[in-house]
Amino acid sequence: MSRVRAFLALIAALCSLTAAGVARADDIVDVELVLAVDVSYSMDLDELALQREGYMQAVTSPEFLSALRLGPNGRIAIAYVEWAGADEQKLVVDWTLVGSPSEARAFAAAIGAAPLRRVYRTSISSAMNFSADLIEGNGIRGLRRVIDISGDGTNNQGPLVDVTRDAIAARGITINGLPLMLKQATGSLLDIGDLDIYYEDCVIGGPGAFVIPVRGPHEFAHAIKTKLVLEIAGIRRPEAALIRPASSAEPRVSCSIGERMWMERWGN
């Protein structure tokens, strides 16, 4: 019965989403935004559920809906992607126009209806490339183009992350980061303690790029909401102490640290 209920919920969410506002070519929006969400095995099921619930709450929050009205068009195009290894990117919710509470609720319902999954390895760079191609291939005309990367580890597969970041930023796409630091580094060869610094120096890029680190489950929903509001409104709140801009200095951590740790651990 649980599978039947899940299937019916998925059908209902997709029908609601179709009625709400599937994005079409030549739509003009304030922002084209890809939410690119880590589903690698380093995330446990509780963290995956927490992450997804945070995005669902954020896109239906009064703050997010108010931010939509600040733009000249009053609507955005948004897509939800889950990623892990180099060949593991999945478009969970396709491009959707969101400019009203009902459209936001339909988008959130579509996220919630998709089954949770976990996949091996971590390729931030492949998630970036997949998301950038989604933006450039959608036919939508956005005043700004943004990829929102959330994850709890370093790049350990696929292209080099900083090289990929620079190439995508050169295409006029901003990459923002939400490093998930929900667990203390355990001393494993695959953990680093300063994931926020890694994101600042190696992951984010483009005009106005920023990082909001999340250090505990109680911060998660608020951090996502703050991040989305800033991305949609295109403004920076000076009181948001967690926000860190992109660094213009030399990286403080090696941008290939994840690949090196994986090689030392597994030898491939």
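Everything numeric here is computed off the predicted structure, so don't read it as measured data.

Draft legend 1. Molecular detail of the packing of aromatic side chains. What the rule picks out here adds up to 3 aromatic pairs. Above the ring of Trp262, the side-chain terminus of Arg121 is found at 3.7 Å from the ring centroid.

Draft legend 2. Summary view of the packing of helix α5 (residues 124-137) against helix α6 (residues 161-169). Two numbers describe how α5 lies on α6: the axes approach to 8 Å, and their chain directions differ by 20 degrees. Here α6 runs roughly parallel to α5, going by the angle between their axes. Considering how the two elements wind past one another, α5 and α6 form a crossing that is left-handed. When α5 is examined against α6, the residues Ile124, Ser125, Met128, Asn129 and Ala132 are found in contact with a partner set consisting of Val161, Thr164, Arg165 and Ile168.

Draft legend 3. Representation of the state of the cysteines. One pass over the full model with this rule turns up 1 disulfide. The residue that forms a disulfide with Cys202 is Cys255, at a sulfur-sulfur distance of 2.1 Å. Here the disulfide of Cys202 and Cys255 is left-handed, its torsion about the S-S bond being about -85 degrees. With Cys202 in helix α7 (residues 195-203) and Cys255 in the loop between β7 (244-245) and α9 (257-266), the pair connects residues that are 53 residues apart, well separated along the chain. When its relative accessible area of 0% is taken as the criterion, Cys202 is described as buried.

Draft legend 4. Region of the structure containing the environment of Ser102. Here Ser102 is to be found in helix α4 (residues 101-113). Distance in space between the C-alpha atoms of Ser102 and Thr60 is 8.8 Å, their sequence separation being 42 residues. Side chain to side chain, Ser102 and Ser100 meet in a polar contact 3.1 Å long.

Draft legend 5. Highlighting empty space enclosed by the protein. In total, this model carries 1 cavity of 30 Å³ or more according to the counting rule given. As for the largest cavity, its lining consists of Val37, Val39, Leu48, Gln51, Arg52, Tyr80, Glu82 and Leu116. Where the lining of the largest cavity is concerned, the elements lending two or more residues are α2 (45-59) and β2 (76-83). Looking at the lining of the largest cavity element by element, the count peaks at 3 residues for α2. A class-by-class count of the residues in the lining of the largest cavity yields 5 nonpolar, 1 polar and 2 charged.

Draft legend 6. Region of interest: the nonpolar core. Phe64, Tyr80, Phe107 and Leu228 are the most contacted members of the largest nonpolar core, which totals 44 residues. Secondary structure elements with two or more residues in this core: β1 (28-38), α2, α3 (62-68), β2, β3 (89-98), α4 and α8 (217-233). Sorting elements by how many residues they give to this core places α8 first, with 8 residues. Every residue in contact with Tyr80, bar those within four places of it in the chain, is listed here: Leu35, Val37, Arg52, Tyr55, Lys90, Leu91, Val92, Val93, Phe107 and Ile111. In this structure, Leu97, Ile173, Leu195 and Tyr198 belong to the second largest nonpolar core, which totals 36 residues.

Conventions we followed
- Residues numbered from 1 in each chain as written.
- Predicted model: local features only at pLDDT ≥ 70, side-chain atom pairs only at ≥ 80, totals over all residues.
- Heavy atoms only, no water.
- Phe/Tyr/Trp six-rings, centres within 6.5 Å; stacked < 30°, edge-to-face > 60°.
- Lys NZ or Arg CZ within 6 Å of the ring centre and 35° of its normal.
- Axes fitted to C-alpha atoms, helices over the stretch in contact; angles between N-to-C directions.
- Helix = DSSP H or I, 4+ residues; strand = E, 2+ residues; numbered from the N terminus.
- Parallel < 35°, antiparallel > 145°, perpendicular 65-115°, else oblique.
- Left-handed = near helix turned anticlockwise from the far one by under 90°.
- Contact = heavy atoms within 4.5 Å.
- Disulfide = S-S within 2.5 Å.
- Buried < 20%, exposed > 50% of the residue type's maximum accessible area, 1.4 Å probe, protein only.
- Polar contact = N/O pair within 3.5 Å; in protein donor to acceptor, adjacent residues only side chain to side chain.
- 1 Å grid on protein atoms, 1.4 Å probe; cavity = no way out; pocket = protein on both sides within 12 Å on 5 of 7 lines; lining within 4 Å.
- Points joined across faces, edges and corners; volume = space filled by probe spheres on them.
- Nonpolar A, V, L, I, M, F, W, Y, C, P; charged D, E, K, R; others polar.
- Core = buried A, V, L, I, M, F, W, Y, C linked by side-chain atoms within 4.5 Å.

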